[in-house]
Amino acid sequence: MKNLIFTIASSMVAAVALGNNVSAELTSNDLNIYGDAFSNDVRVVQIVGGVRVIGQNGTLVNGLPSVTFRTGPLVNVTGLMDSGNDRLAFVAIGNIGDINMEGGQGDDQLILTRAAGQGNVTLRGEEGNDRAVFTDSSAAGDVILDLGIGANVINAQRFTSGFNFEAFGGDLNDNFNIGASTVGGSLSLNADKGNDIVNISNVMTGISAGIFTDEGADRVTVSGLGAGFDVIVSTGAQNDIVSLTNVSALANLEVNLDEGNDTLTTSSVSASFDAKAIGGSGTDRFRNFGFAGGIKTEVLEFELF
């Protein structure tokens, strides 16, 4: 019996010792990182002549504190974490193809900063309250930040996207902060259900911009947004607050507040073609300090001015 207990205890210790160990491999200049079921903390940095994968706060990489790969220019970089509250950071990763980061289940942090991708950038969460940071970076293709179910935070600042930028929250309370950036194609923010907060400042898009928050008591604040085609803001049911300042569309602009007692405030908001504001059902207030369409201006279903 004592031998059996000792064997079981030894196996448990060995299992713990093997935990919190991520795998990293380099294949044909593609860097792939795989997390385990523990809470991993990994930082990936580019160095002269290679790339270094560093474990932090007790995380090991291939059983070591860090691993360095000597390589030519990286092609693609992928980080696939498992369950656990993970933190994965790619720092100063430049002149590569696609960048893919997945947090898996748990409350994860996905951080991409000072990166330059020649392809697409994708950051995905799953179940859990996730956080995505995309700063001081560029992608020649699309950028997709999809954090899945949970109360999520997206912070995207000072970036350039060659094509489209899409962000998706969960059905709890999401917080989006997008600023000082340029999108070559369309900007699409989808906060889903919950009491969501969306802040946009100084963003230019080559095609369109859409903000969709669905049900919940949402707050949308835009200060500086220009679109080469349409701008659409749709907040869904419940009591929403929308503030638009220095917003322009070279085609059409529409704000739809849906059900609830909503408030819309506009200042220097314009469309080259049609501008439309719809309060929806409920007692809605429109504080108009500048809202105009070059061809037609419509203000519908507002009770208070």
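This one's a predicted model, so the numbers in the text were calculated from it and none came from an experiment.

## A look at the environment of Val-143
With respect to the element layout, Val-143 can be found in strand E14 (residues 143–146). Residue Val-143 is classed as buried on the basis of its relative accessible area, which comes to 0%. Taking the C-alpha atoms as reference, Val-143 lies 5.9 Å from Thr-122; in sequence the two are 21 residues apart. Apart from residues lying up to four places away in sequence, Val-143 is in contact with Val-121, Phe-134, Ser-161, Asn-164, Phe-165 and Glu-166.

## Section: the packing of aromatic side chains
All told, the structure shown has six aromatic pairs when counted by the stated rule. Ring centres of Phe-134 and Phe-159 lie 5.3 Å apart, and the angle between their planes is 45°; this geometry places the pair in the tilted category. Linking Phe-134 in strand E13 (residues 131–139) with Phe-159 in strand E15 (residues 153–161), this pair joins segments that are 25 residues apart in sequence. Here Phe-134 matches Phe-159 in class, with each residue buried. Ring geometry for Phe-286 against Phe-291: centres 5.7 Å apart, planes inclined by 85°, an arrangement best described as edge-to-face. Aromatic rings pair up to connect Phe-286, Phe-291, Phe-302 and Phe-305 into one cluster.

The rules behind each value
- Position labels on residues start from 1 in each chain and follow its written sequence.
- Restriction of local features to residues with pLDDT of at least 70 applies here, the model being predicted, together with a cutoff of 80 or more for giving and counting side-chain atom pairs; totals for whole chains, interfaces and linings are based on all residues.
- As a rule here, side-chain values cover all heavy atoms of the structure and leave hydrogens and water aside.
- Helix and strand labels come from DSSP, where a helix needs a run of H or I of at least four residues and a strand needs a run of E of at least two; each type is numbered from the N terminus.
- When a residue's accessible area, from a 1.4 Å probe over protein chains only, is under 20% of the maximum for its type it is buried; when over 50% it is exposed; and in between it is partly exposed.
- What makes two residues a contact is simply this: any of their non-hydrogen atoms within 4.5 Å.
- Stacked, edge-to-face and tilted labels apply to pairs of Phe, Tyr and Trp rings (six-membered ring for Trp) whose centres lie within 6.5 Å, assigned for plane angles under 30 degrees, over 60, and everything in between, in that order.

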